[in-house]
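Residue strings, one per chain:
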Amino acid sequence: MIMRADKGGATVVMNTRDYLEKAYALLNDTQTYLTLRSPPIATKMQQEFNRKLRKIANTLSDPLHKELVLSKISSRSPSVPYFYGVPKVHKPGCPLRPIIAACGSPQNTLAEWLAQVLSQFLGTFSSAHLQHSFQFIQRVKDSNWVDGRMASLDVTALFTNVPLDYVITKLQEEHDQGNVTFPIPAEQFFSLIRLCVSSTVFQFNNQGFAQKEGVAMGSPLTPVLANICMEFVEKEILNRCDEETKPVLWARYVDDIFIIFKGTDEKLKKLVEIANSILPSIKFTTEVEVDSKLPFLDVLVYRDCNRQSSTLVVSFGRSFLVPIIYGVPRLAFDHAICKVIVDEDLCRLFDLPGGFSPCRAVCTGAADEGIYHRSFIPVWALAGPITS
């Protein structure tokens, strides 16, 4: 089998037998998945989903609210969600990340709308939320802290362990305090979320399965719920930390967290213990910097001690292919790459603008009004450091 890797954009060739073994190792987890007696039928799934959706809509007194909910009824020819796995080549043993492709499923239209509504709240409950690597780089620069130690925290199997009741309870509290509002009454809005999450029936290798716990990666609603869950969790973690334990920097991209802390290994251990005590299903693992270096997302953060003062440096790895897309703000690109190298063959293949050469060159970005107009210029990122 040929498939893409979970991270890094690599292409993976895997023996089909090994793939099936790894997939069934996940699906045979009876705490997370239930094996159905027969494969699900798309039309029956659609009928059941529409029946439940109409039932929720009928509890709404406002005709406009009712019409809004009924507009999410599945009317097209539905398809049964299917399971597949993407290999985590960066993990020992190359395990699979479970994905349930829900595009075309009866609940997909509703999931897209719910995700759109909830996405506006991302970053509201915790300022640690990151949207991309560029934002992470800026956070490191703004922290201006180089004397602490770096570490990363990772949540074990976040998506299948998101406690929906916890997320809804926290959102209800924020709603009661007037911090968030929904297009329809909160009670029905939360019922729609539960309907979407509880409808996770799928097939794999001509067998039917249902997910019992958490949320299924592959739905547009899933990453939003996972991010909101983590915002509430990290808020509780930091509130429980004393001054000696609290990190001086805490930045998170979904379930990957980058921290800078001042204390010893014991202080870090205490921080992880606090993090693991918030919810039974959310557990953290940790990785500490080695030789003053720590990879995070698609960048490497390291401490440059050769300068007059110790400096944190962020650089992209050599295998990071950077597209310059029409209309990308120049400032965003300048934050991402300071120095680039363009391969000679690529220079001949593409009509590169002035200032680029087959050798290392400072990217001056000569462009009108601070915008790069070249449609696509493949460049290999070098250690063009972005220092804090």
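Further up the page is the structure itself.
Read on for an overview of the structure. (Residues numbered from 1 in each chain as written. Predicted model: local features only at pLDDT ≥ 70, side-chain atom pairs only at ≥ 80, totals over all residues. Heavy atoms only, no water.)

### Notes on the pairing of strand E8 (residues 207-211)
Counted only if it meets this: Summary of the burial criterion: residues with accessible area below 20% of their type's maximum are buried, those above 50% are exposed, and those between are partly exposed, where the area comes from a 1.4 Å probe applied to protein chains only. Put simply, DSSP marks the helices as runs of H or I at least four residues long and the strands as runs of E at least two long, and each gets a number from the N terminus on. The criterion for strand pairing is that DSSP finds at least two bridges linking the strands in question.
A large share of E8 lies buried, amounting to four of its five residues. Across three bridges, the pairing between strand E3 (residues 33-35) and E8 is antiparallel. Counterpart to Thr 35 in the pairing with E8 is Phe 209. Alignment of strand E7 (residues 201-204) against E8, held across four bridges, turns out to be antiparallel. For Phe 202, the partnering residue across the bridge sits in E8 and is Phe 209. Adjacent in sequence and paired antiparallel, E7 and E8 are bridged by two residues, among which Asn 205 carries a positive phi angle near 55°.

### Observations concerning the sheet that holds strand E10 (residues 256-261)
For clarity, the threshold we go by: Fitted lines through C-alpha atoms give the axes, limited to the stretch in contact for helices. The angle between two N-to-C directions lies from 0 to 180 degrees. Contact criterion: two residues are considered in contact whenever any of their non-hydrogen atoms come within 4.5 Å of each other.
If you trace the four strands from one edge of the open sheet to the other, you get E9-E10-E6-E11, paired in antiparallel fashion. Edge strands, defined here as strands with exactly one partner in the open sheet, are strand E9 (249-253) and strand E11 (284-288). Across the sheet, the mean angle from the axis of one strand to that of its neighbour is 20°, orientation sign disregarded. By the bridge criterion, five bridges tie strand E6 (residues 149-155) to E11 in an arrangement that is antiparallel. The residue of E11 that forms the bridge with Ala 151 is Val 288. Against the sheet, helix H5 (residues 133-143) touches E9 and E10, its axis set at about 180° to E9.

### Quick notes on the packing of aromatic side chains
Selection rule: Classification of ring pairs rests on two measures: the distance between centres of Phe, Tyr or Trp rings, Trp counted by its six-membered ring, which must be within 6.5 Å, and the angle between planes, read as stacked under 30 degrees, edge-to-face over 60 and tilted in between.
Within this structure, the stated rule accounts for 15 aromatic pairs. Relative to Phe 204, the ring of Phe 83 lies with its centre 5.3 Å away and its plane at 80°, an arrangement referred to as edge-to-face. Here Phe 83, found in strand E4 (residues 82-87), pairs with Phe 204, found in strand E7; they are 121 residues apart in sequence, far enough to count as distant. Pair check on accessibility: Phe 83 and Phe 204 agree, each one buried. For the ring pair Phe 182 and Phe 190, a centre distance of 5.4 Å and an interplane angle of 75° mean the geometry is edge-to-face. The pair formed by Phe 182 and Phe 190 is uniform in burial state, with each residue classed as buried. Ring pairing ties together the aromatic residues Tyr 24, Tyr 33, Phe 83, Phe 202, Phe 204 and Phe 209, which thus form one cluster.

Spatial relationships are all this shows, so hold off on functional conclusions.
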